[in-house]
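Below are the chains, spelled out letter by letter.
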Amino acid sequence: MVNTREYIYVALDFEGLKSLERTPQEDMFLMLFNTVVSSLILFKNQFTINRDVSTMFQKFQDGAKLFESDPEIFQARLWIIIKDVPQVDENDIKREFQLKLSQLVKAEGEDNFITRMYKGGMNITPWPVFNDIAWFKNLAKIKKSLDKQKTKYENAKTFLQNTKVIMAKLKICDWGSLNENLIQIRVAMLKRLFPIAVSYGLEQKDPNIECLMNYDSGEQINDSIIDLCDILKDFKNSSKMYPDSDILLYDEHTSFKRLSEKLRCDFEEIVQPRRESSDDNKWVSNLNKFFEGIIERRKSRVRDWYEQNTAKFHQDNSDIVNGKYVMEQEISKLTLLWTLCGSICHLCSLKCVKSRNHKEDHECLTDHKCHFPCHFVEAHNGNLIPECSHKAGHEGKHVCDKISHSCGEPCILIDKRNCQKVCSKKIGHNDDEHLCQSRNHYCGEDCSLSKHITKGNYHCPNKCIKPYEEEHDLHRCENIGCPIQCPVPNCKERCQSDDNFHAFSVQSETLKCNKKIPPNEFKHTGKHTHNENGFHYRDAKCRCEYYCTLSYKHKQKDHDTRHGNMTQTEFTGEDNEFEYLGHKLRVGDQGTFVLCNLFCKELGRHRHIDYCQNEEICKIENQNIQHINEKVSPNPDRSKDFISHKLYWERTGFKDPYSVQEQQEFTKCDYECPDEKHHKSESTSVPPTKSFCELQLFHTLLNPKLKPPSDNGYVSLDGHHFNCEDPNAAFHIIFVLDRSDSMRAQDKKPISRYPIYNDLIKEHDNRIGAVYQAVYYFVETRINSVRTNHNQMSLAMRDNISLILFNTKVIIPFENRDLTDLTVLLDIMLKQNAYGGTSYDLAIQKAGSLIETHFDPTKVNIIIFLSDGECGAPMKQLRAICEQNKAKGSPLYLYTVLFGSDNNSGSLKKMANIAQSYHLTNTSSDVLQCQFTHTINEIKLIDHFNEIAESLRKHKPSLLKKV
């Protein structure tokens, strides 16, 4: 990390693709993570090691189809650096890369990874060797290009958050919009802080105070100072109030009386004490304005805080709209709480300064006494003027109770509301009607407002204020507006009608719709929607359980989605146990760890297994389906078919997520040439080049006796065409085995877990028994290697086998026999015991005689010569046999095997070298060669005899939907 005045440069070192320590899926995830978090990607390629970059580009292409192409997610520039390129080769190498890229772009069309993933563009630069001055100049060129790019992250906090989110998305295979995730995270965080932001104007109160912040810029939200002159127009003295932060304005566990106490005291101290106000209506109105100023400032700051922290996102996003709605609901609590009641105190005539929605008695929160001096000053003869004895807020003159200034008899309307209790007429007035100073005596009955609404029954707690003398059936309290809460669910606002008896019907919308309901209405027009300008998705699900991401009535033929783990599938296959991505699995294991859109890629050419839908149709020759006659688990009693990759995705109803090249490859036959050269490699870094059948999947089997198509390659015994040399040429295999007395030694014996063990230990629990077991296992494996996919022996089976046993004499138990009846050959072999001395001359001479007798120009003659002891090499006889076969155009292949001490290997090595000298010099592992092998024990012997590869396709696993 490098910190400069303008930027923080973060350099991340990613390992190269195709690491042996990672699976292809992990490779793709690493590449995706790199692309999403970076502004510039330097991809170094060792051109001298690997000139074929198609595989590398395919990795990029795989990731391009996963994440949605958000404007914010793919902004990196890809810079491909071809390392250590001499100046004379730069143009040629650059052209080759460009050619590969243009071919991929043409094949993938608008879905190509360059267009989708690298909006910042792409460069290809051949990089000089380290000592060249151009090395450093190129580095400066890249730095200059990076500085011209738009900064990807506003600050380090945003970078860290995005990085964490991307890693989490890759972990759970969430291919949805990164921008949507960031919006959801941001809005969720703001929602979580709404209560404390509304209550205190802070993000955190304890243990440390944290102010409202703009998370993108790192700046605090403005906290302005209130000047009372701006709130109260009649207040002339400029007086600045405290900032908004850390003023408790809402707490559901604290009464409004306690919450408002500090602000009320400040108002009385700065503006006017209530006891000195001659107009309580005006005083309460000013207090209400003061409260409104405080509340509006808090509401404005919270709204500003939310807007600043969502400003970089589209404002019509449903999460932002819904977040704003939740914010307004939280804010509305302030308005409801800090709207003063204004009704008459139940103990005096002042206005109630509790919250409008309180349920207790109305209170002015004073001592309820009138503190103005007595109006009748002269009557006190210059003495101290006493305070008025009436209740606070009374009508008429202030009258003390120290001297009788009026009649003082009880008012005849003393039981009515707003009565001052005593007659205010002159002492000794002539009429008999005693009346107080109150201009209006109220009815005092309970208010008639009583309604059943969706949020419960409402009964107005106030008393009627109509004049008692006025006839009326409907009792109305002093509330001007409707006191009932809005019936729309989750809305905290009060009804806005000025008529508390207005007629209304209550309807509510319970869906999480983000449309706004117009004022004075209870529902919006049109259908509910979570996104006013968006669309609804289809409810179709892929086999990975991911929903279609296209609009509900999309015009595309196939559904489409981002795909994820196949949690609702289980493995199936022709073999009960198999290996996949380094995991040893069994049929029935869960496919949870497999990504839907990468499973087929790992298999290469393949076929899927699915439940049979119509047994009659699938048995008809078809390039997309082939019936399986055997029982396959899980659910072995249900018939199953092999189906093509194409048909598999057609049945899902979803768009095939694989590239055009991969789809074309998957249409071809999955049988492989068994030649060892296609399956083993001398280098661990360079994989072997496999050879597949050139025909389409489920093709009609070819006749192996006829020429291959286009006269290229060969046709295997089971009817597949391979464009390479035939590894399954017919053989005449001659076993020449030592059965001298030393082969009776019991230091090496038959192995119990291998075939015919019980038959051998009866009379051959010794070295010769171990050799017989290896020979039998070899022949059995050879038979299995030429079975067709219907488990029937191929009629074209052309191998023959002969057995020569030697000591000082030679016998031929069987010669030139086919492999149709292995049991008969076994019985013949088991009758022969070990005894006597050793003579290689007679043995090799007899082998040459068998080749001559049964010579077939279409077959390769192979001698497998085994002994456990020392004997002179039959050089003369061996050379004669080799020359004879070479002259016929069919050189002899000799494998010599020492089954004993390494001290006795000289003759057998010499024999292999003599035979090899009659072959053309070829160091390639692709061709047969004469060789010597020393096997130190029984297991090594069996492994050596079993090295001829199977000729059928490899059984690959498949995934079935759980039932």
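Residues numbered from 1 in each chain as written. Predicted model: local features only at pLDDT ≥ 70, side-chain atom pairs only at ≥ 80, totals over all residues. Heavy atoms only, no water.

**Student:** Just checking my understanding: could you explain the overall build of the protein for this structure?
**Tutor:** Tallying secondary structure elements over the protein gives 22 helices and 24 strands in all. A total of 963 residues make up the protein; the buried ones form 44% of that total. Considering only intrachain contacts with a sequence separation of at least 6, the fraction spanning at least 24 residues in the protein is 62%. (Helix = DSSP H or I, 4+ residues; strand = E, 2+ residues; numbered from the N terminus. Buried < 20%, exposed > 50% of the residue type's maximum accessible area, 1.4 Å probe, protein only. Contact = heavy atoms within 4.5 Å.)

**Student:** Just to check I follow, could you spell out helix 18 (residues 822-830) for this structure?
**Tutor:** Every α-helical turn comprises 3.6 residues, leaving residues that sit three or four positions apart pointing alike. Looking only at helix 18, the buried set comprises Leu822, Leu825, Leu826, Met829 and Leu830. Seen along its axis, helix 18 keeps its buried residues to an arc of 130°; they face one direction. (Arc of directions from axis to C-beta.)

**Student:** Any chance you could explain the sheet that holds strand 3 (residues 40-45) here in plain terms?
**Tutor:** In any sheet, the strands associate via hydrogen bonds between backbone groups, in a parallel or an antiparallel arrangement. Spatially, the three strands line up as an open sheet ordered 3-4-5, and their pairing is parallel. In this open sheet, the two strands that pair with only one neighbour each are strand 3 and strand 5 (122-126). When the angles between neighbouring strand axes are averaged without regard to direction, this sheet yields 20°. Set on the sheet, helix 3 (residues 90-108) makes contact with strand 3, strand 4 (77-82) and strand 5; between it and strand 5 the angle comes to about 150°. Contacts from helix 5 (residues 133-148) reach strand 3, strand 4 and strand 5, with the element oriented near 175° to strand 4. (Pairing = 2+ DSSP bridges. Axes fitted to C-alpha atoms, helices over the stretch in contact; angles between N-to-C directions.)

**Student:** Could you clarify how one ought to interpret the pairing of strand 22 (residues 893-898) in this entry?
**Tutor:** Looking down a regular strand, the side chains alternate between one sheet face and the other. With respect to burial, strand 22 is a largely interior element, six of its six residues being buried. Of the two faces of strand 22, the one holding Tyr893, Tyr895 and Val897 and the one holding Leu894, Thr896 and Leu898 are both buried throughout. Bridge count between strand 21 (residues 860-867) and strand 22: six bridges; the pairing is parallel. Looking at strand 22, one finds that Leu866 is bridged to Val897. With respect to chirality, the unit in which strand 21 leads through helix 20 (residues 875-887) into the neighbouring parallel strand 22 is right-handed. (Right-handed = clockwise from strand over helix to strand, strands pointing away.)

**Student:** Would you take a moment to explain the pattern of salt bridges for this structure?
**Tutor:** Close approach of charged atoms allows side chains of opposite charge to pair. With the rule as written, the count across this model stands at 31 salt bridges. For Lys143, the salt bridge goes to Asp147, with nearest N and O atoms at 2.5 Å. Note that Lys143 and Asp147 are positioned in helix 5 at a spacing of four residues, about one turn of the helix. By relative accessible area, which is 39% here, Lys143 ends up partly exposed. In this structure, Arg298 and Asp244 form a salt bridge, with 2.8 Å as the shortest nitrogen-oxygen distance. Of this pair, Arg298 sits in helix 10 (residues 280-310) while Asp244 sits in the loop between helix 8 (228-231) and helix 9 (256-270), and the two are 54 residues apart along the sequence. No difference in accessibility class separates Arg298 from Asp244, as the two residues are buried. (Salt bridge = Lys/Arg side-chain N within 4 Å of Asp/Glu carboxyl O.)

**Student:** Just to check I follow, could you spell out the sheet that holds strand 22 for this structure?
**Tutor:** Pairing is mixed in the open sheet, where six strands are placed in the order 20-19-18-21-22-23. Sheet topology places strand 20 (810-817) and strand 23 (931-934) at the edges, where each strand pairs with a single neighbour. When strand polarity is set aside, the average angle formed by the axes of neighbouring strands in this sheet is 15°. As defined by bridge partners, strand 22 adjoins strand 23 across four bridges and the pair is classed as parallel. Counted as the bridge partner of Tyr895 is Gln931 from strand 23. Sitting on the sheet, helix 18 touches strand 19 (800-806) and strand 20, and the angle it makes with strand 20 is about 175°.

**Student:** What am I meant to see in the nonpolar core here?
**Tutor:** Looking at soluble globular proteins, one finds that nonpolar side chains tend to be buried together. By size, the foremost hydrophobic cluster in this structure holds 77 residues, and its most contacted members are Phe290, Trp305 and Trp338. Looking at this core, the element that brings in the most residues is helix 10, giving ten residues. Non-local contacts of Trp305, meaning those with residues more than four positions away in its chain, are made with Leu190, Leu193, Phe194, Ala197, Glu203, Leu212, Met213, Tyr215 and Ile221. Listed in part, the 60 residues of the second largest apolar core include Ile756, Leu850, Ile863 and Leu908. (Core = buried A, V, L, I, M, F, W, Y, C linked by side-chain atoms within 4.5 Å.)

**Student:** Would you explain the side chain of Gln916 in this entry?
**Tutor:** You can see Gln916 is positioned in helix 21 (residues 906-916). One polar contact links the side chain of Gln916 to the main-chain amide nitrogen of Cys930, over a distance of 2.7 Å. (Polar contact = N/O pair within 3.5 Å; in protein donor to acceptor, adjacent residues only side chain to side chain.)

**Student:** It is not clear to me how the pairing of strand 21 should be interpreted in this structure. Could you clarify?
**Tutor:** Burial of strand 21 is extensive: eight of the eight residues sit out of reach of the surface. The side-chain alternation of strand 21 yields two buried faces, one formed by Val860, Ile862, Ile864 and Leu866 and the other by Asn861, Ile863, Phe865 and Ser867.

**Student:** What exactly am I supposed to notice about the side chain of Asn766 here?
**Tutor:** Tracing the chain through its elements places Asn766 in the loop between helix 16 (757-760) and helix 17 (767-784). Here Asn766 falls in the buried class, since its relative accessible area comes to 9%. Only 3.4 Å separates the side chain of Asn766 from the backbone nitrogen of Ile768, close enough to count as a polar contact. For Asn766, the contacting residues outside a window of four places in its chain are Met743, Arg744, Ala745, Gln746, Lys748, Lys749 and Pro750.

**Student:** Sorry if this is basic, but what is going on with the confidence of the model for the protein here?
**Tutor:** Atomic detail in the predicted coordinates should be set aside for any region of low pLDDT. Across the protein, the average pLDDT comes to 81, with 84% of residues at 70 or higher. Confidence drops under a pLDDT of 50 for residues 948-953, and excluding neighbours within four residues, the segment shows 23 contacts in the predicted structure. (pLDDT = per-residue confidence, 0-100.)

**Student:** Help me understand a nonpolar patch on the surface in this model?
**Tutor:** Together, Met1, Ile8, Val10 and Leu12 make up a nonpolar patch on the protein surface, roughly 420 Å² of accessible area in all. Here Met1 shows up in the segment before strand 1 (2-3). Given a relative accessible area of 77%, Met1 falls into the exposed group. (Patch = residues over 30% accessible without salt bridge, like charges linked within 9 Å, V, L, I, M, F, W, Y side chains within 5 Å. Areas by Shrake-Rupley, 256 points an atom, 1.4 Å probe, with all protein chains shown as cover.)

**Student:** Can you help me understand the packing of helix 6 (residues 156-172) against helix 7 (residues 178-200) in this one?
**Tutor:** Helix-helix packing is characterised by the crossing angle of the two axes and by the distance between the axes. For the pair helix 6 and helix 7, interaxial distance at closest approach is 11 Å and the crossing angle is 115°. Crossing hand, helix 6 versus helix 7: right-handed. For the pair helix 6 and helix 7, the contacting residues are Gln161, Asn162, Val165, Ile166 and Lys169 in the first and Leu178, Asn181, Leu182, Ile185 and Arg186 in the second. In terms of residue class, the contact of helix 6 with helix 7 is made up of five nonpolar, three polar and two charged. (Left-handed = near helix turned anticlockwise from the far one by under 90°. Nonpolar A, V, L, I, M, F, W, Y, C, P; charged D, E, K, R; others polar.)

**Student:** What am I meant to see in the environment of Lys466 here?
**Tutor:** The residue Lys466 is located in the loop between strand 9 (456-459) and strand 10 (569-572) in this model. Taking the C-alpha atoms as reference points, Lys466 and His441, 25 residues apart in sequence, are found 8.3 Å from one another. Residues within four places of Lys466 in sequence aside, it is in contact with His441, Tyr442, Cys443, His472, Leu474 and Arg476. Here Leu474 takes part through its backbone oxygen, which lies 3.4 Å from a polar atom of the side chain of Lys466.

**Student:** What am I meant to see in the packing of aromatic side chains here?
**Tutor:** To describe a pair of aromatic rings, one takes the distance between the centres and the angle between the planes. Overall, the coordinates contain 24 aromatic pairs when judged by the stated rule. Between Phe256 and Trp338, the ring centres sit 4.9 Å apart and the planes meet at 75°, which makes this aromatic pair edge-to-face. Taken together, the residues Phe256 in helix 9 and Trp338 in the loop between helix 11 (318-337) and strand 8 (450-453) connect sequence positions 82 residues apart. In this structure, Phe256 and Trp338 share a single accessibility class: buried. (Phe/Tyr/Trp six-rings, centres within 6.5 Å; stacked < 30°, edge-to-face > 60°.)

**Student:** Help me understand the environment of Met911 in this model?
**Tutor:** Within the fold, Met911 resides in helix 21. C-alpha of Met911 to C-alpha of Arg879: the two residues are 32 residues apart in sequence and 9.3 Å apart in space.

**Student:** What's the story with the packing of helix 7 against helix 10 in this structure? I'm lost.
**Tutor:** Following both chains from N to C, one finds helix 7 and helix 10 inclined at 165°, their axes separated by 10 Å at the closest point. Here helix 10 runs roughly antiparallel to helix 7, going by the angle between their axes. Crossing of helix 7 against helix 10: the hand is right-handed. Of the residues in helix 10, those in contact with Arg186, Val187, Leu190, Leu193, Phe194, Ala197, Val198, Ser199 and Tyr200 of helix 7 are Arg298, Val302, Trp305, Tyr306, Asn309 and Thr310. Its residues assigned to classes, the contact of helix 7 with helix 10 shows ten nonpolar, three polar and two charged. (Parallel < 35°, antiparallel > 145°, perpendicular 65-115°, else oblique.)

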